[in-house]
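What follows is the residue order along each chain.
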Amino acid sequence: MPTHREPALRTIGLRKAFGDHLAVDDIHLTVPAGSFYGLVGPNGAGKTTTLAMAVGLLRPDAGSAEIFGVDVWRDTVQAKGLIGVLPDGNAMPERLTGREVLTYLGLLRGLQPAVVAERADELLQILELGSAERTLVIEYSTGMRKKIGLAVALLHAPRLLVLDEPFEAVDPVSAATIRTILRRFAANGGSVIISSHVMALVEQLCDHVGVISDGRVVAAGPLADVRGAGSLEDAFVDLVGARTGGTEGLAWLTS
Amino acid sequence: MAHLLTSGPVAAQHMIRMRLAIMRNSLRGDNAANLYAGVSGGLLLAFGTIAVAVLWPAYLPLTLAVWLSGWIFGPIFIGGGSEALRPEYFSMLPATPGRITTALLAGASAGPAPAVNLIALLSLPVYGWRFGPAGVLIGLAAALTTLITMVMVSRVIVALIGLFVRSRVTAAAVGIVTGTAIALCSNGWAPVAALGGTDTAAWSQILVRVLPSGWGVAAIEAPWPLALAVLAANAGVIALLLAAWAGLLARRVVSAARGGVPSRRGTPRPFPTTGGARIAAAKELRAWWRDLVRIQLLATAFSYAIVTPLLLLALDAWIMVPFTGLIAIVMAAASSANLYGADGTALWLTLMTPGAERADVRGRQLAWLLVVGPAAALLSLAGTRVSGQAWAWPWVLGLLPALLGGGAGLIVLLAVTSLVPGTDPHKRGGNPLSTGADETAETSLAWLVLVAVPATALPAAGVILLNPWAGIITGVLTGALSAWGLGRIAYRRLESHGIDLLNLMKHGPAPQADKPTTADLPIQHRIGVTMSYAIAWLPLFPQGLVPMVMKILGIEDRGWFLALHLPPVWQWPTIIFMIALGLLMYGYAILIPMRLSSPSPAATR
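This structure is a prediction, so every number in the text was calculated from the model and none was measured.

Draft legend 1. Focus on the overall build of chain B. Broken down by element type, chain B carries 26 helices and zero strands. Expressed as a percentage of the 605 residues in chain B, the buried residues total 47%.

Draft legend 2. Up close: the overall build of chain A. Looking only at helices and strands, one finds 10 helices and 10 strands in chain A. By the compact-globule yardstick of 18 Å for 255 residues, chain A fits well, its C-alpha radius of gyration being 19 Å. The dimensions of chain A, computed from C-alpha atoms along their principal axes, are 60 × 55 × 40 Å. Each of the 255 residues in chain A was classed as buried or not, and the buried ones make up 48%. The long-range share in chain A, meaning contacts at least 24 apart out of those at least 6 apart in sequence, stands at 67%.

Draft legend 3. Quick peek at the packing of helix H19 (residues 393-417) of chain B against helix H21 (residues 458-466) of chain B. Residue and element names in this part refer to chain B. One can describe the packing of H19 onto H21 by two numbers: an axis separation of 9 Å at closest approach and a directional angle of 160°. Regarding the angle of H19 to H21, the classification is roughly antiparallel. The handedness of the crossing between H19 and H21 comes out as right-handed. Within the contact between the two elements, H19 uses Pro-394, Trp-395, Gly-398, Leu-399 and Ala-402 and H21 uses Ala-460, Ala-461 and Ile-464. Split by residue class, the contact of H19 with H21 holds seven nonpolar, one polar and no charged.

Draft legend 4. Just the packing of H19 of chain B against helix H22 (residues 468-507) of chain B, in detail. All names here are of chain B. Contact geometry of H19 with H22 gives a least axis separation of 7 Å together with a crossing angle of 5°. Classified by the angle between their axes, H19 and H22 sit roughly parallel to one another. The residue makeup of the contact of H19 with H22, split by class, is 22 nonpolar, 13 polar and one charged.

Draft legend 5. Inspection of the interface of chain B and chain A at higher detail. Taken together, the 37 residues of chain B in the interface contact 32 residues of chain A. Breaking the side of chain B that touches chain A down by element, the ones donating at least two residues are helix H13 (276-290), helix H17 (347-352), helix H18 (356-387) and H22 of chain B. Sorting elements by how many residues they give to the side of chain B that touches chain A places H13 of chain B first, with six residues. Of the residues belonging to the side of chain B that touches chain A, the class tally is 18 nonpolar, 12 polar and seven charged.

Draft legend 6. Looking closely at helix H4 (residues 97-109) of chain B. Taking 1.5 Å of rise per residue, 13 residues should cover 18 Å, and H4 of chain B covers 18 Å from first to last C-alpha, within 8% of that figure. All of the buried residues along H4 of chain B are Pro-97, Ile-100, Thr-101, Thr-102, Ala-103, Leu-104, Leu-105, Gly-107, Ala-108 and Ser-109 of chain B.

Draft legend 7. View of the sheet that holds strand E4 (residues 62-67) of chain A. Residues and elements named next belong to chain A. Pairing in this open sheet of four strands is antiparallel, and the strands run E2-E1-E4-E5 from one edge to the other. Of all strands in the sheet, those with a lone pairing partner are strand E2 (21-31) and strand E5 (70-71), marking the two edges. Both strand E1 (residues 9-18) and E2 contribute to a ladder of eight bridges, which runs antiparallel. Bridge pairing in E2 places Phe-18 opposite His-21. Packing against the sheet, helix H1 (residues 47-55) makes contact with E1, E2 and E4, and its axis sits at approximately 120° to E1.

Draft legend 8. Here's a closer look at the pairing of E4 of chain A. Residue and element names in this part refer to chain A. Pairing geometry for E1 and E4, over five bridges, is antiparallel. Bridge pairing in E4 places Arg-15 opposite Ala-62. The pairing of E4 with E5 spans two bridges and is classified as antiparallel. Along E5, the bridge assignment pairs Glu-66 with Asp-71.

Draft legend 9. Representation of the sheet that holds strand E7 (residues 160-164) of chain A within the structure. All names here are of chain A. The strand order across the open sheet built from six strands is E6-E7-E8-E3-E9-E10, with neighbouring strands paired in mixed fashion. A strand with exactly one partner marks an edge of an open sheet, and here the two such strands are strand E6 (83-86) and strand E10 (216-222). Neighbouring strand axes in the sheet, compared pairwise and without regard to direction, differ in orientation by 15° on average. Both strand E9 (residues 208-213) and E10 contribute to a ladder of six bridges, which runs antiparallel.

Draft legend 10. Layout of unusual backbone geometry. All names here are of chain A. If you check the backbone angles, Phe-68 has positive phi at about 50° while not being a glycine. Relative to the helices and strands, Phe-68 resides in the loop between E4 and E5. Notably, Glu-165 is not glycine yet its phi reads approximately 50°, a positive angle. Mapping Glu-165 onto the fold places it in the loop between E7 and helix H6 (172-187).

Draft legend 11. Structural detail: helix H5 (residues 142-154) of chain A. Residues and elements named next belong to chain A. For H5, built from 13 residues, the straight-helix expectation of 18 Å at 1.5 Å per residue is met to within 8% by its first-to-last C-alpha distance of 19 Å. Among the 13 residues that make up H5, 10 are buried, leaving the element largely enclosed by the rest of the structure. Taken together, the buried positions of H5 are Met-144, Arg-145, Lys-146, Lys-147, Ile-148, Gly-149, Leu-150, Ala-151, Val-152 and Leu-154. Those residues of H5 hidden inside the fold are in contact with E6, helix H3 (98-108), helix H4 (113-126) and H6.

Rules of the game
- Just so you know, the residues in each chain are numbered from 1, in the order the chain's sequence is written.
- All chains are assigned letters beginning at A, and all ligands numbers beginning at 1, according to the order in which they are written.
- Where totals are concerned, whole chains, interfaces and linings use all residues; where local detail is concerned, this predicted model gives features only for residues with pLDDT of at least 70, and gives and counts side-chain atom pairs only at 80 or more.
- The helix count covers DSSP runs of H or I at least four residues long, the strand count covers runs of E at least two residues long, and both are numbered beginning at the N terminus.
- Comment: burial labels come from other C-beta atoms within 10 Å of the residue's own C-beta, placed from the backbone, where a count of 20 or more is buried, 12 or fewer is exposed, and between is partly exposed.
- We take the radius of gyration over the C-alpha atoms and set the globule estimate at 2.2 Å times the residue count to the 0.38 power.
- Throughout, a pair of residues is in contact if the C-beta atoms placed from their backbones lie within 7 Å.
- Fitted lines through C-alpha atoms serve as axes, helices being fitted only where they are in contact, and the angles separating the N-to-C directions of these axes extend from 0 to 180 degrees.
- Any angle that is under 35 degrees is reported as roughly parallel, and any over 145 degrees as roughly antiparallel; angles of 65 to 115 degrees are reported as roughly perpendicular and all others as oblique.
- Crossings are sorted by hand: turned counterclockwise from the far helix by less than a right angle, the near helix makes the crossing left-handed, and turned clockwise it makes it right-handed.
- Note on residue categories: nonpolar means Ala, Val, Leu, Ile, Met, Phe, Trp, Tyr, Cys or Pro, charged means Asp, Glu, Lys or Arg, and polar means any other residue, Gly included.
- By this rule the span expected of a helix is its residue count minus one, scaled by 1.5 Å.
- Being paired, for any two strands, means DSSP has found at least two bridges between them.

Take a look at the structure:
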């Protein structure tokens, strides 16, 4: 029986190859319950692939994932009831309005009609999607798509939020709103995982960090342990073994 | 300006290289097989056209008109044509629309379809042979101008659809034109026959020469000066089409069209406050009403079903009228077979909602029945009554529920078992009627439905033959059973394989290491296989089977058939040798790649 002391998310040896390319190679991560966890890594490091396997959207070649002790791939239905997910780049029911999406998904999840209506109202208002009442999702801007995706993830009041790049393409005001919502959610016992490559944001929001590079975990743990004395950005550049380029070549551009 | 695009011919060259590179990169696995199959089929038709020019020259303009109609309706049937080079890619280039369009035309001509069509158009110089060397020369020139005209007509139509299909009315109009065209293709002979058979020869001969496809024939038959004038006029038409295309593309790349969203008035109707399958059906009904692709496909299905029986009325044959609604059901099922593929990765929401798979499948079935059922039932009842074909009543009443249930069951089953991935709706480009799916695969899925849905009504049909009333009951029972049972298999499958479907749509088919493609063959075999696919038809069909048929039928015309020019003693051996050679080449082309997939790849080296 899952208890609150179980970690919000634990992945054990996740592995995924696309053709010859090993996108994720033996990922072990533990996200403590009640933590605000930042998953960082360079482009193509395997963050999105890892999260997709952890929530049950991509079947791993090897390894497993548990959400509050529930095996994602064995007790799929129970696990999915515990989480709210914002995947990267997945489509929505394109020909519904934002309110229709929330209503449809809420009712489909078995929420009471009155509850769905109330929550949809509040979410649309807080995320400033209420004015786009007649706009179909297919006509949304990238930022609006992120926000309606976030609303979908929050709608059923999950215990764990898994958000892939939640702040990408979102305007500063909405980003501040989302940060506040997530902080409140975490402060009240909820667990959050976000992936990002904006170090300052992760430093500001998260209390735990995992660094992924080339499909492997190169560092993980409480923020203070991972970043040490310097900034997270310095630690990150150090960890992924990359030197910052840009000082050489391109003579034709600067002459 | 410092950054002008390279000169026209160079840009065209780059465009052709880009087009070929795209084709080369997509030549893997099934795509390669599809392409080879398509090219082989096309080459057969192309050779058939040349054979027409040799054997039945009177029908050459008509045959070429069929090729033209392929270029016109092909893009409509398969959802906007495959645009390997989309104008959006080049919208940031510093060049005039005219220059980009010319380069795009070069790119568009560098595909397998134009190449095959060029072979077909070589029928023009072959036809010109009858008129002497000048005829051959004009035929060659006309083959080129006709090819470019056909490609351009096709592109302009795609561009027009992309730009103007922005409302339900225009989408339905395209659907009605398409459905009528298919109906004319299958039953258009009826009104022609009714209008007086051979008497129509004169005007039909003029008609097929007035069409752009017939200008080449007209030029060959005309005296010198007139022939040159026809060719010049054709060049002028090409220039006009090019200008029109440039204008349309320039508008397309700056118009922010996303997947074709019809305009709406007022606030949306509130969702019903219910759960399960009914809420999924409510969502799906909105998609039917708001998605122009679906509206167009439905209009195609129903207009085909209505026009086909009407054409037969020209011969006073009422026999098909009672079955209008049944035809509509089968056609509508065929155009709904890729429901999950059309929605793209939105499937993740169903998968992430505990237990939603069943509701989703049942909801889609319910919505499809609500969209197709009432109209089909109305057409069936009205058609049977109006036609006065009393014998048809048990057939219509028995087959209607059987086909409706069979359709509702099969579309969801095939949607989850034979999903054809497309572009996610919000990433679709300037063409609102294109789903971005692989058209060959989508078309074969539609054909599968066209065969499978009637098959579900076979039990009912069998019982109707024995006892009409028992047949009606059987129809209701098998229909309900199909919808329930096939839907059950579908949602079970969605529950167990939903993730795989999602990733098929997100990442494409998983590469199968144990299934090598032609591209992995050693180079000499790769060349050999490609060459065999390209030319094996030559000995097999034109030099083998066709002279064989001609010899059996005793046709004297020798044409370009090698065997028929030889002394009689050598004719049969030559024919048999040619057939054997063709079969051998096909066998090599098919077997060598298969041998590669055997456990010891070294064997092929």
